[in-house]
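# Examination of the molecular architecture
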Amino acid sequence: MTTSLRDHCAIVGVGASPQGKVPGSTAVSLAVEAFKRALDDSGLRKDQIDGLLSLGGQTSPEGPLNYLRLGETMGIDPRFTGSMYMGGATAGALIQQAVMAINAGLATHVACLFGDAAATGGGKFDRAQGWGDSSAIWGYLSAAANSAITASRHMALYGTTSRQLAEIAVACRYHASLNPEAQMRKPITVEDHQASRWIVEPLHLLDCCLVSDGGVCVIVSSAEHAKDLKQPRVLLSGMGQAYTTQNLGTEDWWYAPHQKRAVQDAYAMAGVGPKDIDVAQLYDNFTPSVLLWLEHGGFCGVGEAGAFVENGRIRLGGELPVNTAGGNLSESFMEGWLHIVEGVKQMRGQCGPRQVAGAEVTLVTGRGMALNCANALVLRRG
């Protein structure tokens, strides 16, 4: 893995709109609000933003959310632009694209944007994009079903239990209780998790991500430009992407082994390993996702993640604090964009009561579509 992009760029601004249920909002209005907040956070002027990347392919009552609509609304005519749709892998992929554009001299300051009004705008997850019809004959129609198969297989092979999945949900909710911007802040217990209704067995309601309105913006600049801006630099030290076209026809598809390649490539570029990671923001559309990321990230061996999450190990104060703002499970479901925001804030030391003392390196992961897309970022205090 080339190291030529290590520390070449930095995240210089982050912003998020109100989260949860935001009546009267649209995907565009939420994204624009996030952009305004990120711009203020960075200290840049709007006319300095010459790159605009967004999640695309997503439609809303007002039409498609893409760079054209966002640029028109914000009054930006960028030199470099584009949209892509990779579900929960989009945020990391767009940030990596921004780094490559800046490195190639195609842009100087790139805003990466997301907006969704799923909670109040009628968005549903009953037929997520990318699932196709070939699995419908098995009753396999949703992201929850996919992760339920992952959980069942992990349980069958390694003895993982539902109570261990509960440890992930409980930790994320505890972290959200310390986050004034989180959608769900009331602490829960393992017993609360076990008593919550089934969604797709063995997954309970509290194993599942939220449905949320919100917008998020991340601004990327060169590391040199970042020295002169408002916030402490957060360097993009490592990046990795990995994909697979395999699914039910491949025996180990449920384990998403390509995710390990994404993390290992990010580690290699950054020159770090799992022991160097102080805090992790691991994509948690469902609790089993965290188990796989812990194993793919080298924090424990294959089949050992269930035991790893016990005894507070992934909570604040534990060996590896995970999803310190609450994650998709309790903060807000922004398809992984807020994981990056929290990673940045941890590196800046701006997380208040949920700050991991002395944290200097964080791992952020994302995955999406039919879980065939994966990426990872290593962020470092600059």
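Since we're looking at a predicted model, the values are computed, not measured.

### What to know about the sheet that holds strand S2 (residues 51-55)
Taken in spatial order, the nine strands of this open sheet run S5-S2-S6-S9-S1-S10-S13-S12-S11, and their pairing is mixed. Bordering the open sheet on either side are strand S5 (80-84) and strand S11 (279-281), each of which pairs with just one other strand. Between one strand axis and the next, the sheet turns through 25 degrees on average, direction left out of account. Packed onto the sheet, helix H12 (residues 337-348) meets strand S1 (9-16), strand S6 (109-117), strand S9 (213-222), strand S10 (234-243), S11, strand S12 (361-368) and strand S13 (373-381) and runs at close to 115 degrees relative to S1.

### Details of a nonpolar patch on the surface
On the surface, Leu157, Tyr158 and Val302 cluster together into a nonpolar patch covering about 270 Å² of accessible area. Locating leucine 157 in the fold gives a position in helix H4 (residues 143-158). For leucine 157, a relative accessible area of 42% gives the class partly exposed.

### Here we look at the packing of helix H8 (residues 258-270) against helix H9 (residues 287-296)
One can describe the packing of H8 onto H9 by two numbers: an axis separation of 9 Å at closest approach and a directional angle of 50 degrees. By the angle class used here, H8 and H9 are oblique. Considering the relative orientation of H8 and H9, their crossing is right-handed. Between H8, through Gln259, Lys260, Val263 and Gln264, and H9, the contact on the second element is made entirely by Leu292, Trp293 and His296. Among the residues making up the contact of H8 with H9, the classes are represented as three nonpolar, three polar and one charged.

### Here we look at the side chain of serine 17
Residue placement: serine 17 occurs in the loop between S1 and helix H1 (27-42). Its relative accessible area of 4% is what places serine 17 among the buried residues. Looking at serine 17, its side chain comes within polar contact range of the main-chain nitrogen of glycine 215, at 2.8 Å. If we ignore the near neighbours within four places in the chain, the residues touching serine 17 are Leu30, Glu33, Ala34, Arg37, Gly214 and Gly215.

### Some points on helix H2 (residues 67-74)
Three- or four-residue spacings in an α-helix give side chains the same orientation, since the helix completes a turn every 3.6 residues. Among the residues of H2, Leu70, Gly71 and Met74 are the ones counted as buried. Summarising the axial view, the buried residues of H2 lie within an arc of 95 degrees, below the 170-degree limit, and thus occupy one face. The exposed set on the far side of H2, more than 90 degrees from its buried face, consists of Leu68 and Glu72. A positive backbone phi angle near 75 degrees is found at glycine 75, which sits one or two residues after H2.

How each quantity is defined
Residues numbered from 1 in each chain as written. Predicted model: local features only at pLDDT ≥ 70, side-chain atom pairs only at ≥ 80, totals over all residues. Heavy atoms only, no water. Pairing = 2+ DSSP bridges. Helix = DSSP H or I, 4+ residues; strand = E, 2+ residues; numbered from the N terminus. Axes fitted to C-alpha atoms, helices over the stretch in contact; angles between N-to-C directions. Contact = heavy atoms within 4.5 Å. Patch = residues over 30% accessible without salt bridge, like charges linked within 9 Å, V, L, I, M, F, W, Y side chains within 5 Å. Areas by Shrake-Rupley, 256 points an atom, 1.4 Å probe, with all protein chains shown as cover. Salt bridge = Lys/Arg side-chain N within 4 Å of Asp/Glu carboxyl O. Buried < 20%, exposed > 50% of the residue type's maximum accessible area, 1.4 Å probe, protein only. Parallel < 35°, antiparallel > 145°, perpendicular 65-115°, else oblique. Left-handed = near helix turned anticlockwise from the far one by under 90°. Nonpolar A, V, L, I, M, F, W, Y, C, P; charged D, E, K, R; others polar. Polar contact = N/O pair within 3.5 Å; in protein donor to acceptor, adjacent residues only side chain to side chain. Arc of directions from axis to C-beta.

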